[in-house]
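Here is what each chain is made of, one letter per residue.
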Protein chains: 4
Amino acid sequence: MSADKNQFALTPPMGWNSYDYYDTTVNEAEVRANAEYMASHLLPYGWNYIVIDIEWYAVNAGSQRPEVQYIPFAKPAMDEYSRLQPDPARFPSSAGGRGFGPLADYIHSLGLKFGIHIMRGVPRYAAHLHTKVLGTGVTADQIADASSICPWNPDMYGVKNTPEGQAYYDSLLQMYADWGIDYIKCDDIAASKLYPGYPLFSRAEIAMLHRAIEKCGRPIVLSLSPGPASIEDAWFYEENANLWRVSDDFWDDWKALLHMFEYCELWQRHVSPGCYPDCDMLPFGIVGGGFKDERHTHFTFEEQKTVMSLWCIFGSPLMLGAEMTKMDPQTESLLTNRDLLSLLDPERFRRQVRRNADSAVWMSTARQAGGRLAVALFNLQDQEAEVSVSEDELFVPLPAQMKECWSGTHVCPVNGSITRKLPAHGAAVLIGC
Amino acid sequence: MSADKNQFALTPPMGWNSYDYYDTTVNEAEVRANAEYMASHLLPYGWNYIVIDIEWYAVNAGSQRPEVQYIPFAKPAMDEYSRLQPDPARFPSSAGGRGFGPLADYIHSLGLKFGIHIMRGVPRYAAHLHTKVLGTGVTADQIADASSICPWNPDMYGVKNTPEGQAYYDSLLQMYADWGIDYIKCDDIAASKLYPGYPLFSRAEIAMLHRAIEKCGRPIVLSLSPGPASIEDAWFYEENANLWRVSDDFWDDWKALLHMFEYCELWQRHVSPGCYPDCDMLPFGIVGGGFKDERHTHFTFEEQKTVMSLWCIFGSPLMLGAEMTKMDPQTESLLTNRDLLSLLDPERFRRQVRRNADSAVWMSTARQAGGRLAVALFNLQDQEAEVSVSEDELFVPLPAQMKECWSGTHVCPVNGSITRKLPAHGAAVLIGC
Amino acid sequence: MSADKNQFALTPPMGWNSYDYYDTTVNEAEVRANAEYMASHLLPYGWNYIVIDIEWYAVNAGSQRPEVQYIPFAKPAMDEYSRLQPDPARFPSSAGGRGFGPLADYIHSLGLKFGIHIMRGVPRYAAHLHTKVLGTGVTADQIADASSICPWNPDMYGVKNTPEGQAYYDSLLQMYADWGIDYIKCDDIAASKLYPGYPLFSRAEIAMLHRAIEKCGRPIVLSLSPGPASIEDAWFYEENANLWRVSDDFWDDWKALLHMFEYCELWQRHVSPGCYPDCDMLPFGIVGGGFKDERHTHFTFEEQKTVMSLWCIFGSPLMLGAEMTKMDPQTESLLTNRDLLSLLDPERFRRQVRRNADSAVWMSTARQAGGRLAVALFNLQDQEAEVSVSEDELFVPLPAQMKECWSGTHVCPVNGSITRKLPAHGAAVLIGC
Amino acid sequence: MSADKNQFALTPPMGWNSYDYYDTTVNEAEVRANAEYMASHLLPYGWNYIVIDIEWYAVNAGSQRPEVQYIPFAKPAMDEYSRLQPDPARFPSSAGGRGFGPLADYIHSLGLKFGIHIMRGVPRYAAHLHTKVLGTGVTADQIADASSICPWNPDMYGVKNTPEGQAYYDSLLQMYADWGIDYIKCDDIAASKLYPGYPLFSRAEIAMLHRAIEKCGRPIVLSLSPGPASIEDAWFYEENANLWRVSDDFWDDWKALLHMFEYCELWQRHVSPGCYPDCDMLPFGIVGGGFKDERHTHFTFEEQKTVMSLWCIFGSPLMLGAEMTKMDPQTESLLTNRDLLSLLDPERFRRQVRRNADSAVWMSTARQAGGRLAVALFNLQDQEAEVSVSEDELFVPLPAQMKECWSGTHVCPVNGSITRKLPAHGAAVLIGC
C-alpha cells in the first residue's frame, strides 16, 4: 500500500507561522529564535511546527513596503532547475546550494517539525528565462501556463497538467524531502473570492502536488490556501490534502471572528484524522512588524479566549501568528490550557447546538462510551450577557459537575441547565469532571 | 430532556411511497393492498413504512390528467379548523371525522408504520373562506402569508411565523398524532431550483413544524422535500429534520442516476443516526399508473442494482416507488439482499474512493475494530468495462476473500487489488468474509 | 393600419398621481379637488393627467395601516364578469355600475385626461369564487395562473396566455374605454428586483394588454411598473408600452436621486416619441398622508430643482406626487418653468457629457439645425462646489450668452467654458439665447 | 475645441481584416496584394480600410500551429522604448526602425486607410527586461500591472493607471500617428465572457487610449475587442470609442448568426455617427488559411446574404474576412450592392419590427421627410418559408412599389402587406422606389 496522507497528521497540527508578524521579511536568526522559544515553552503542550511563510526566496523582500508587498518582475533566488531557493542574504545556512537543509536539521534537533510556504506554479522568472526542468528535456516556458497567474502575487505561473508539469512538482518535492521539510503550506491553490466563478480552478495542480508528496518518501503534511474553500469540494480536499482554509485570511477583527462561527457551522462534520478544515492563524500577542504596523493584537483577551475556544472545540489546526520572543505570560496562558487542547482530538464528535445573533453553543463528546462531555458557550454581543444551555438542546444528561476551562471553577447544572454570565465577546468551555 | 428527534429513526427509513405509481390518485384499498404485500414479503428485511403521497385531501384528484396534475381553486376535504382531511370518496374509513386513524390502525396491525405527505402551509381555500384556527381567536386568513405560495402546486399559502401560525402547526401535529401517523413527508419546504436565489426560504416553517413534532408526544419522523438541499444548510437540516432530499425528483433516467453520484459525493459525511440525506424514491417495477403512463421502469435490471448499491453504501433512506402488488420476483430480489441492506447502518464510515467519467468506487467500514470492509464498484460507461480498486486507494488491506453481494460469488484480491468486469451501468458490491 | 401606440403620447406625459400622498386611500372628492387645482394652475404649462393609483377597488383600504398596506383575502368591489370596480364608498359616482365613467367625464370637462392604476391579472377573489369571464364560456379560475402572484400585493393571480385570457384583458380594456380612461399604469408587470432571475417574466401579459389596447378603439397610454426595467428588454418595452420605470420606487431620498443619474446614463438613447423610460413620480410638496406619515418632502428645494432638471433634460415623464391643494408657491414654481419643460421634447438629442462622484453634466440639442443648446450642471457633493463644462467636452461651440433656467440670470462662457458655483446637491440648467 | 472622435468615422467603417484568413501569419506582400485588390475592385463601393490583425510583432508567428496559436514567453520585435515593432522578417519595409510607415504610405497611395490590431498593455517581455518608457524616468516593470493579463494571449501586461502609464500609451499613439495609422483595433480591452464578473474591467485603459488618441494629432478610429460588450456600458463606449463588439468572435456558423439577431435587437438604438456597435467580421469567401483550415466559408450563399442584410440594416461596420485575391465573383457581388450599402447611413432610423423563432423583420427610414423606407425580411427556419410584414406592424404606409435589393425584382404590396418566399436562412431587403 502507498502512503496514506491521513497518517501524516493524526491530530490537527499546532505550530507557529511567520506571516502575522514578519510578512515577507523573516530571516534565519528570527526563525531559530522562535523555534527555540517553542521548544522550551510550548512543545510540552503539543506545539511543534515552525512554518516560514511567503517569499523566503525573494531578494530585498519587504523593501518597498508599505506601497508594495510583493515586488514584481524581480530576480528571485533560484537553482538551475527553476526551483526557488532561500534568499541567501536572509538564510545564510542555505549557502552552497544546501537550501533549507541546515535550518531543518536545527529545528529537528529541537524536537520540532519544519514547514514552508510555497506558491503554486513555476517562477515567472524561469519561464521568461527558459531555464531547465530537472529530469526532463523541456524548459520552464514549456511547463508554464501563461494564462494562469495569482491575482495578488507576481511570482509564478501555474504549471500545466502534463507529464513534464508533474516532473517539475516531483523535482520540487524531492528537494523538499531532501531538505527535511515536514509541512507545506501551498498558496494560490485553494478557492478564493478573488476568482469569481472559479472556486477551485486548480484541482489539477493540487492533485499533482499530492502525487508528488506520495512519491517523495517523506510524510509531508499538505496545507492549502487561501480560502474560503467551498464545501462543495470537501471530498476533493479530503482526498488530496490535510488542511484547507475555510475562511479568508483571518486577522484580529471581531467581524472576522463572528464570520468564523458560520464557517465552523458549515464544516463541523468534516473534521477527521488527517482532514482538517482550517480556521487560519491565531493573530495573538505582538503582530504586524513586517507590515510596518507592529502592534499588540487588536483582539481583547476575552476575544482571544473565544478564538481558542472555538478553534479547539471545532477541531481546527492551531498556528500561532505572534512573534513568540515578545510573548507575554497572559498570551502564553491561552496556548497552554491542557483541558481545552484535549478537545482538538479529531475522533471526538462535535456539534453546534445553537447559533443566533446573540450567542452560540457548541458541544463535543468522545465517541467511546464514558467519554467526557464538553460544552462551549459564546457571548456574541457587545456587552456582558448570560448564555445558557439545557439538556433539552444537548439531548444528553449534563454531568453533576463540570469544570470551566479558562477560570478553573467548577459548575453544577441547575434543573438540567447551565448558565454563565460572559463578558462581551467572551466564552466559557465546560468539561465534565 | 425533551424528545431527541434523532431517536425517532436510528436507521434510514425503508418503506413504500404511493407517488411513483399513483401520482395523486391512491385510495384506501390500494394502500391496504400494498401494506399487506409489504407485511408479508418485505417486512422481514426491514421494510416497514407505508407513505401516502400528495393530495389525499383532493376531491376528483387526477381527473384532469394529463393536462393538469393539481386542480387549482378546488374545494378540498377540510375540517372546521382549516385542517385538510382525507378525501372521503377515496378513504371511506375516514368518514365521520376519523381522518386517517382507522387506516393507521390497520397498518399498525400489520406491524408497519404509517406516513403521509403534506404541503407546507394552510389551505388557500381556508384563507379565502376565513375559517377557524384551533386554539386561537384568529381565522386562516390571519395566519396565511398571501405572498408565500408553492410554484408548482396551488393548494396552500405559507404560514406566518407568529404564535398563531405555530398554533396552527401544533393543531395539525396533534391531529396527526391522534391519528397515529409515524412519518411526515413535508413538501415545498426544502430547497428547490424553482426558487432562484432562495435556497432555503422556509426555515421558519421547518422550525415551526419541528417544534410542533416535539410537542405532539409522538415520535413522528420528519422528511423534507423537494430538493436539492444546499449543503450550506446541512446543520439546519440536521437539527430540525430526519430526512432531506439531496436531489431533484428522481425518476428512472440514467442521467439522473449519474447525477446522484455527485450528490452522494457531496453529502457522504452527513449520514448519522437520525440524520439522512435522502436520494429519493426507487422507481422500480411497475410505475406511472396514476400519471397515465403505466410502464415497467425504464431502468435496466443492472441500473436498478446500481441504484440499490449506491443508496445502501451511501446510507440513504429507501422508499420503494413500485406498485407492490404487481411486483415481479426479480424486482423483489433487489429489495431483499441482506448483505447489501446491512450497509445502511449509519454508524458505518463511508467514503467515495474515486469518481470520474468512467467509474466510481465507494468503500464502507464499521467504526469498531474488526468490522467488515465493503467496497462498491460502479461502471458508469455505456458498455461493459472492468473496474478495479487497490489497497493503495483504500489505505486498508483487502481481506483474503470477499463476497459479491448480487451474484453471491466469492472473490480473492490479486496483488492487493480487485477487478470486476461489469455490464454497462452495472455495479458490484464486495463485502469481506 | 392599426393604431400606432407611439401616437398616443407624442411627448412625455405630465400629470398627478395619487400615490405619494394618499397611498391606497384616495376618494372621489379628493381626486376632483386635485383635478380642479391642476386645471386652474398647471394645465397651461402642459400638466394634464390625473391618475388614481393602487386599490381604488378595495373596501376599507388603508384601515389596517400602518401594519398592513394591502389587506389580504378581502372582498373587493367587482362586477359579475370578474372585473374590479371602484369602491362605491369612496367613489359615489360609480354607483349603479357606472364605474369611473362619471368621474372621467368630470375630469375631461376640465380639459384634463384621466388615468388609473391596475394590477396585472384577475382577482384572486374571482378565481376562488369561479366568477364569469365576459364573452367566454369559462370562469375566472380557468384563466387564472395559480402560481403567478405579486410578491407584495395579495389581490390578483396572473392571467394565462390563452384566448380566454386575452378575452379577459379585452373585456377590461373595453370597460376602461367605455369609462373614458386615457392612461393605464399597470403594476406588477415590469421587471423588479423582487423577482430574482426573472427580470421580465410577464412578457405575455404585457403583450395581451398591448393587444387589448389596440383593439379597444381608444388611444390609451400604457405605463408599466414597477422597476427597474432591464435595458436588455428595451426593444420589447418600446414595442408594447409608452412608459416603463427605469428605477425602483422613487422617494424623497438623496441616495435614490443619486442612483437615478446612473439610470439616466443607461437609458439616454431610448427616449423617443411614444417611448419613455420613466424616472417615476416627483415626491414634492406635501406627501405621505395616506401612509400615516404626512410631511413636507425630505428633499431640499435645491434637490427638487435637481430632480426637475434631470427629469427634463433626460426626457422623463413627470408625475407629481404632491397633494396639490396643499401646495405652496415655491413648490409650484418648480413645475411651471417653461424653459426647462421645453427640454422634455423627445425629438431633442440628449447626452450625458460626464459623470463622476462629484458632478454630472448633461447636454441636449434640437436635431434640426439652429436649435438651442441646453446644458445641465449637477453638483453631487454634500457641500457647495463649482461645476464646469467646456466646449472640448461638448464638441459644439457654446453660444455667446446662455440663460440659467432656475435663476433667470444670463451667463457668458469664458474661454469656451462655463462654470457655476452650485449649492450642495444643486443644479443649473443653461439654455442658449 | 479638442478633436471630436465622432468626426473620425461619420459612417460605419468598411474594410478588410487579415485575421479570418491569416490568423497571426500575414506578411507585407499579402497585405499589399489585398490592398491592391480592394483599391481596384471595392473602393468604389466605399470599402477603404486595410487592417492587419494580431501579432504582427511576433517572430515565427504561427509556427506552432495547430497546437499553439500564440507562442508564449517568446521575444517579440520591440524598440528600445518597450514598443512593439513589425516582425522584420514578415514586414521588410519596416527595417531600420521605420515601423509600418512605408506600408502605410503605400496603402494611402492606393486611396485606402490603414489599420492595425494591438493588444492592451505593455509587453511582458519588456516588463521582465525592465526596458525604458519614452519620456519618463521609469522602466516597463514600473508601469506594468503584474496581475493584469489577457486570458487567451500571453504577450502583454496591463498598464497601470498612472501618469507614467498614460505616457506609455501616448508614446505608442505618437508612433502610430507618425507611421500614418488610421485605425486601431485594440483587443483584450472590451468586455468578454472570459472575465466572469468583470464585464468591463479595463475602463481606465480605454480612457488612457482615448486620451492618447486625442493628443496624437491624427484622427485615428478606435475599435474595441473582444465582446460581447454589455449594454450597461453603452455610454462609456460611446464617449471613448468608435466601434465596440456586440458579440463573441463571429465565425461562419448559423447558430452564431442567429445569436447576432439578439445582439442587433439589443443595440439598435445605439448606432449614430462615430458610434458603431460592431457585429464583427464577415467570414466570407476563402478563410482559415493561417489556421491550417483553409476552406470556403461554411455559410451558404443565402446565409451570407442574410449576414450582409442584417449588418447593413442594423448599421454595423463591415470588415471582410476573406482572402480577397482568391475571391470569386459571387462573393464579390455580396459586397457591391449599392442599394444595400446605402442603408449603413447612421442617420437613418432603424427598428426591429418583429423577431421570433421563425422569422425576423427590420425596417429603416431616413429621418428627413420623404426618405425611402427599407424593410428586411429574414427566414430563420431550416427550410423554405414565407415571411410577411404589414403596414400594421410598420405604422407607416408601404410604397406602391419596392425593389428587392438582392434579386433586383420589383414588388408591390398587396392589401398593405408584403410577403416573400425565402430559402432556408435567407433574406430579402426591400427599398421603396
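Predicted model only: the values in this text are computed from it and were never measured.

What counts as what
Residues numbered from 1 in each chain as written. Chains lettered and ligands numbered in written order. Predicted model: local features only at pLDDT ≥ 70, side-chain atom pairs only at ≥ 80, totals over all residues. Heavy atoms only, no water. Helix = DSSP H or I, 4+ residues; strand = E, 2+ residues; numbered from the N terminus. Rg over C-alpha atoms; globule rule 2.2 N^0.38 Å. Buried < 20%, exposed > 50% of the residue type's maximum accessible area, 1.4 Å probe, protein only. Contact = heavy atoms within 4.5 Å. Lys, Arg positive; Asp, Glu negative; His and termini not counted. Charge placed at Lys NZ, Arg CZ, Asp CG, Glu CD. Buried area = accessible area lost by both parts, 1.4 Å probe. Salt bridge = Lys/Arg side-chain N within 4 Å of Asp/Glu carboxyl O. Nonpolar A, V, L, I, M, F, W, Y, C, P; charged D, E, K, R; others polar. Pairing = 2+ DSSP bridges. Axes fitted to C-alpha atoms, helices over the stretch in contact; angles between N-to-C directions. Least-squares fit on C-alpha atoms with pLDDT ≥ 70 in both. Parallel < 35°, antiparallel > 145°, perpendicular 65-115°, else oblique. Left-handed = near helix turned anticlockwise from the far one by under 90°. Polar contact = N/O pair within 3.5 Å; in protein donor to acceptor, adjacent residues only side chain to side chain. Phe/Tyr/Trp six-rings, centres within 6.5 Å; stacked < 30°, edge-to-face > 60°. Lys NZ or Arg CZ within 6 Å of the ring centre and 35° of its normal.

(A) Molecular detail of the overall build of chain A. For chain A, the helix and strand inventory stands at 13 helices and 21 strands. Rg of the C-alpha trace for chain A: 22 Å, near the compact-globule value of 22 Å for 433 residues, within the 12% margin. By its C-alpha atoms, chain A is 75 × 40 × 40 Å across when sized along the principal axes. Counting the 433 residues in chain A, one finds 64% classified as buried. Long-range contacts, defined here as pairs at least 24 residues apart, represent 72% of the contacts in chain A between residues at least 6 apart. Distance from the positive charge centre (36 side chains) to the negative charge centre (54 side chains) of chain A: 2 Å.

(B) Looking closely at the interface of chain B and chain A. In this complex, chain B contributes 28 residues to the contact, which on the side of chain A involves 29 residues. Regarding the contact of chain B and chain A, the summed buried area is about 2,600 Å², with carbon and sulfur atoms giving 50% of it. One can count four salt bridges joining chain B with chain A. The salt bridge partner of B:Arg351 is A:Glu239, with a shortest N-O separation of 2.7 Å. Elements supplying a minimum of two residues to the side of chain B that touches chain A: helix H8 (234-240), helix H9 (254-267), strand E14 (349-355) and helix H13 (391-394) of chain B. The element that contributes the greatest number of residues to the side of chain B that touches chain A is E14(B), accounting for five residues. Residue composition of the side of chain B that touches chain A, by class: eleven nonpolar, five polar and twelve charged.

(C) Main features of the sheet that holds strand E5 (residues 144-149) of chain A. Residue and element names in this part refer to chain A. A sheet is described by the order of its strands in space; here three strands give the open sequence E4-E6-E5, paired in antiparallel fashion. Only two strands of the sheet have a single neighbouring strand rather than two, namely strand E4 (122-123) and E5. Bridging between E4 and strand E6 (residues 156-159) involves two bridges; their strand directions are antiparallel. Bridge pairing in E6 links Pro123 to Met156.

(D) Local environment of the sheet that holds strand E9 (residues 243-245) of chain D. All names here are of chain D. The strand order E10-E9-E8-E7-E3-E2-E1-E13 describes an open sheet built from eight strands, whose pairing is parallel. Looking at which strands have only one partner, the edges of the open sheet turn out to be strand E10 (276-278) and strand E13 (318-320). Averaged over all adjacent pairs, the angle separating strand axes in this sheet is 25°, with direction ignored. Summarising the sheet, strand E3 (residues 113-119) and strand E7 (residues 183-187) pair through five bridges and their orientation is parallel. Its bridge partner lying in E7, His117 is registered against Lys185. Contacts between helix H3 (residues 101-109) and the sheet are confined to strand E2 (49-52) and E3, with E3 contributing the most and set at about 140° to the helix.

(E) Broad picture of the environment of D:Ser18. Residue and element names in this part refer to chain D. Relative to the helices and strands, Ser18 is located in the loop between strand E1 (14-17) and helix H1 (19-22). Judged by its relative accessible area of 0%, Ser18 is buried. Expressed as a C-alpha distance, the spacing of Ser18 and Leu257, which sit 239 residues apart in the sequence, is 21 Å.

(F) Focus on the relation of the copies chain B and chain A. Superposition of chain B onto chain A requires a rotation of 180° combined with a translation of 0.0 Å along the rotation axis, giving an RMSD of 0.0 Å. Such a turn and shift between the copies fits a two-fold axis. Within chain B, B:Arg269 has its C-alpha nearest the rotation axis, a separation of 3.2 Å. Most of the interface of chain B is mirrored in chain A, where 100% of its interface residues are also at the interface.

(G) Structural context of the relation of the copies chain C and chain D. With an RMSD of 0.0 Å, chain C superimposes on chain D once it is rotated by 180° and translated 0.1 Å along the axis. Both copies present the same face, since 100% of the interface residues in chain C are matched by interface residues at the equivalent positions in chain D.

(H) Looking closely at the packing of helix H9 (residues 254-267) of chain C against helix H10 (residues 301-314) of chain C. All names here are of chain C. Packing of H9 against H10 brings their axes to within 11 Å, and their N-to-C directions diverge by 10°. Judged on the interaxial angle alone, H10 and H9 are roughly parallel. Considering only the axes of H9 and H10, their crossing is left-handed. Contacts from Trp254, Leu257, Met260, Phe261, Cys264 and Trp267 of H9 reach H10 at Glu303, Thr306, Val307, Leu310, Trp311 and Phe314. Of the residues assigned to the contact of H9 with H10, the class counts are ten nonpolar, one polar and one charged.

(I) Fine view of the pattern of salt bridges. In the structure shown here, the tally under the stated rule is 88 salt bridges over all chains. Put simply, A:Asp233 and A:Arg203 hold a salt bridge, and the shortest N to O gap is 2.7 Å. On the criterion of sequence distance, the pair formed by A:Asp233 in the loop between strand E8 (221-224) and helix H8 (234-240) and A:Arg203 in helix H7 (residues 203-216) is long-range, its members being 30 residues apart. A salt bridge links B:Arg245 to B:Asp249; the nearest nitrogen and oxygen atoms lie 3.0 Å apart. By relative accessible area, B:Arg245 is classed as buried at 2%. B:Asp249 sits in the partly exposed class, given a relative accessible area of 44%. By sharing partners, the salt bridges in this structure join A:Arg120, A:Asp188 and A:Glu205 into a single network.

(J) Just the arrangement of the chains, in detail. Note that chain A does not reach chain C: the shortest distance linking a C-alpha of one to a C-alpha of the other is 17 Å. A minimum C-alpha distance of 17 Å separates chain B and chain D, which share no contact.

(K) Examining unusual backbone geometry more closely. Residue and element names in this part refer to chain C. Arg65 connects to Pro66 through a cis peptide bond whose omega is 5°. With respect to the helices and strands, Pro66 occurs in the loop between strand E2 (49-52) and helix H3 (101-109). With an omega of -10°, the peptide bond between Ser225 and Pro226 qualifies as cis. Within the secondary structure, Pro226 is located in the loop between strand E8 (221-224) and helix H8 (234-240). Its identity as a non-glycine residue notwithstanding, Glu55 has a phi of 70°, on the positive side. Note that Glu55 resides in the loop between E2 and H3. Under the relative-accessibility criterion, Glu55 is labelled buried at 3%. Positive phi, close to 60°, is recorded for Lys292, a residue that is not glycine. Summarising the element assignment, Lys292 is placed in the loop between strand E11 (286-287) and strand E12 (295-296).

(L) Examining the environment of D:Leu394 more closely. All names here are of chain D. The residue Leu394 is located in helix H13 (residues 391-394) in this model. On the accessibility criterion, Leu394 (2% relative accessible area) is buried. Apart from the residues within four sequence positions on either side, Leu394 is in contact with Arg351, Val353, Met363, Val375 and Val389.

(M) Summary view of the interface of chain C and chain D. The interface of chain C with chain D comprises 29 residues on the first partner and 29 residues on the second. Between chain C and chain D lies a buried interface of about 2,600 Å² when both sides are counted; carbon and sulfur atoms form 50% of it. For D:Glu238, the salt bridge is made with C:Arg269, and the minimal N-O distance between the two is 3.1 Å. Taken together, the connections running from chain C to chain D amount to nine residue pairs in polar contact (both at pLDDT 80 or more). At the level of secondary structure, the elements contributing two or more residues to the side of chain C that touches chain D comprise H8, H9, strand E14 (349-355) and helix H13 (391-394) of chain C. Sorting elements by how many residues they give to the side of chain C that touches chain D places E14(C) first, with five residues.

(N) Spatial organisation of H3(C). All names here are of chain C. Turning to H3, its buried residues number three or more, namely Gly101, Pro102, Leu103, Ala104 and Ile107. Packing partners of the buried residues in H3 comprise helix H2 (28-42), E2, strand E3 (113-119) and helix H6 (163-179). Backbone geometry just after H3 places Gly111 at a positive phi near 85°.

(O) Fine view of the packing of aromatic side chains. All told, the structure shown has 88 aromatic pairs over all chains when counted by the stated rule. Each ring, one from C:Tyr19 and one from C:Phe291, has its centre 5.2 Å from the other, and the planes form 85°; the classification is edge-to-face. One end of the pair, C:Tyr19, is in helix H1 (residues 19-22); the other, C:Phe291, is in the loop between E11 and E12, and 272 residues separate them in sequence. Accessibility assignment for this pair places C:Tyr19 and C:Phe291 in one class, buried. Ring pairing ties together the aromatic residues A:Trp56, A:Tyr57, A:Phe91, A:Phe100, A:Phe114, A:Tyr176 and A:Trp179, which thus form one cluster. When the ring centre of A:Tyr106 is taken as origin, the NZ or CZ atom of A:Arg32, which lies over that ring, is 4.4 Å away. Here C:Arg203 stacks its cationic end above the ring of C:Phe236, 4.5 Å away from the centre of that ring.

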